[in-house]
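Here are the chains, one letter per residue:
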Amino acid sequence: MSKRGYHHGNLRQALVEAALRLIEMKGPTGFTLSEAAKQAGVTPAAVYRHFEGREDLIAEAARQGFLMFADLMQHAYDKYQPSPLAAFEATGRAYLAFARKHPGHYIAMFESGIASNRTPELAEAAHRARNILERAADDLSQQIPADKRPPASMFSAHILAMSHGVVELYARNTPGATSPFPPEDLLETGIGIYLRGLGLIEPDS
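Residues numbered from 1 in each chain as written. Predicted model: local features only at pLDDT ≥ 70, side-chain atom pairs only at ≥ 80, totals over all residues. Heavy atoms only, no water.

Draft legend 1. Focus on the UniProt feature "DNA-binding region" (unreviewed entry) in the chain. Listed under "DNA-binding region" (unreviewed entry) in the UniProt record, and renumbered for this structure, are residues 32-51. With 60% helix and 0% strand, residues 32-51 has its two end C-alpha atoms placed 13 Å apart. (UniProt positions renumbered as here; feature names shortened; annotations may be inferred. Helix = DSSP H or I, 4+ residues; strand = E, 2+ residues; numbered from the N terminus.)

In structure tokens:
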């Protein structure tokens, strides 16, 4: 698109999309605003009408990513109702699916060093995404006696940590990190071991 073809609104989005491509290619600290402007087909000065710096541009990419992530998690959660176990497992799989399908957003969200509370809008989007997994964890944990029940926030944090580890080590083509098992299987069995430890699913016979 020519420089004259942009309106005020879609230039902002074009810059975000340019940043996402650069993040995938070079990482969140491997590009400049000038490069993002060049990718978007505008002058560097035009970037500053929308973003104060690279971090603000990445923060907007992260915000959009969290909104997409939340939508995907919500769909997974809703699809497998009314089973708390199936809904919880589906949200874990949704994490892996999102990381594979939207690597630029994923990096902006979790690997850029941008705090999720950098802006109120980013904080709200991140909270919405985390809240879905926490709600799924809370639904499932109701089957555990109250005196043995972990807080839903801890429960969901454990699964997020496990999901993130599988993504980082085995789902992103990390050099030197290979597994004889598909990432989906690693995540599913890891969640299964965790849930067995809580007594939420029966041990294998």
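Draft legend 2. A look at the packing of aromatic side chains. Counting across every chain of the model gives nine aromatic pairs. Plain terms: the ring middles of Phe69 and Phe110 are 6.2 Å apart, the flat faces sit at 85° to each other, and that makes the pair edge-to-face. Residue Phe69 is located in helix 4 (residues 54-79), and its partner Phe110 is located in helix 6 (residues 103-110); the two are separated by 41 residues in the primary sequence. Among the residues examined, Phe69 registers a relative accessible area of 3% and is labelled buried. An aromatic cluster is present here, built from Phe66, Phe69, Tyr95, Phe98, Tyr106 and Phe110 joined pairwise through their rings. Its end group placed over the ring of Tyr77, Arg135 keeps NZ or CZ at 4.9 Å from the ring centre. (Phe/Tyr/Trp six-rings, centres within 6.5 Å; stacked < 30°, edge-to-face > 60°. Buried < 20%, exposed > 50% of the residue type's maximum accessible area, 1.4 Å probe, protein only. Lys NZ or Arg CZ within 6 Å of the ring centre and 35° of its normal.)

Draft legend 3. Just the packing of helix 5 (residues 84-101) against helix 7 (residues 120-141), in detail. Contact pair helix 5 / helix 7: the axes reach a minimum separation of 9 Å and the direction vectors enclose 150°. Considered as vectors, helix 5 and helix 7 are oriented roughly antiparallel to each other. Read as a crossing pair, helix 5 and helix 7 show a hand that is left-handed. On helix 7, the residues touching Pro84, Leu85, Phe88 and Thr91 of helix 5 are Leu133, Ala136, Ala137, Asp139 and Leu140. (Axes fitted to C-alpha atoms, helices over the stretch in contact; angles between N-to-C directions. Parallel < 35°, antiparallel > 145°, perpendicular 65-115°, else oblique. Left-handed = near helix turned anticlockwise from the far one by under 90°. Contact = heavy atoms within 4.5 Å.)

Draft legend 4. Highlighting unusual backbone geometry. In this chain, Gln81 is followed by Pro82 through a cis amide linkage whose omega measures 10°. Of note, Pro82 is situated in the loop between helix 4 and helix 5.

Draft legend 5. How the structure looks around the environment of Phe155. Tracing the backbone through its elements, the reader meets Phe155 in helix 8 (residues 152-170). Its relative accessible area of 0% is what places Phe155 among the buried residues. On a C-alpha basis, the gap between Phe155 and Tyr194 in space is 9.6 Å, while along the polypeptide they are 39 residues apart. Apart from residues lying up to four places away in sequence, Phe155 is in contact with Phe88, Ala137, Leu140, Ser141, Pro150, Tyr194, Leu195, Leu198 and Leu200.

Draft legend 6. Representation of the packing of helix 4 against helix 6. Relative orientation of the contacting elements helix 4 and helix 6 amounts to 110°, with a least axis distance of 8 Å. On the basis of the axis angle, helix 4 is roughly perpendicular to helix 6. The two elements helix 4 and helix 6 meet at a crossing, and its hand is left-handed. Across from Ile58, Ala61, Ala62, Gln64, Gly65, Phe66, Met68 and Phe69 in helix 4, the residues of helix 6 making contact are His105, Ala108, Met109 and Phe110. When its residues are assigned to classes, the contact of helix 4 with helix 6 shows nine nonpolar, three polar and no charged. (Nonpolar A, V, L, I, M, F, W, Y, C, P; charged D, E, K, R; others polar.)

Draft legend 7. Seen up close, the pattern of salt bridges. The full count for this structure, using the stated rule, is seven salt bridges. In this structure, Glu55 and Arg54 form a salt bridge, with 3.9 Å as the shortest nitrogen-oxygen distance. Residue Arg63 pairs with Glu60 through a salt bridge whose shortest N-O separation is 2.8 Å. Of this pair, Arg63 and Glu60 are both found in helix 4, three residues apart, which corresponds to roughly one turn of the helix. Through salt bridges with shared partners, a single ionic network connects Arg12, Glu60 and Arg63. (Salt bridge = Lys/Arg side-chain N within 4 Å of Asp/Glu carboxyl O.)

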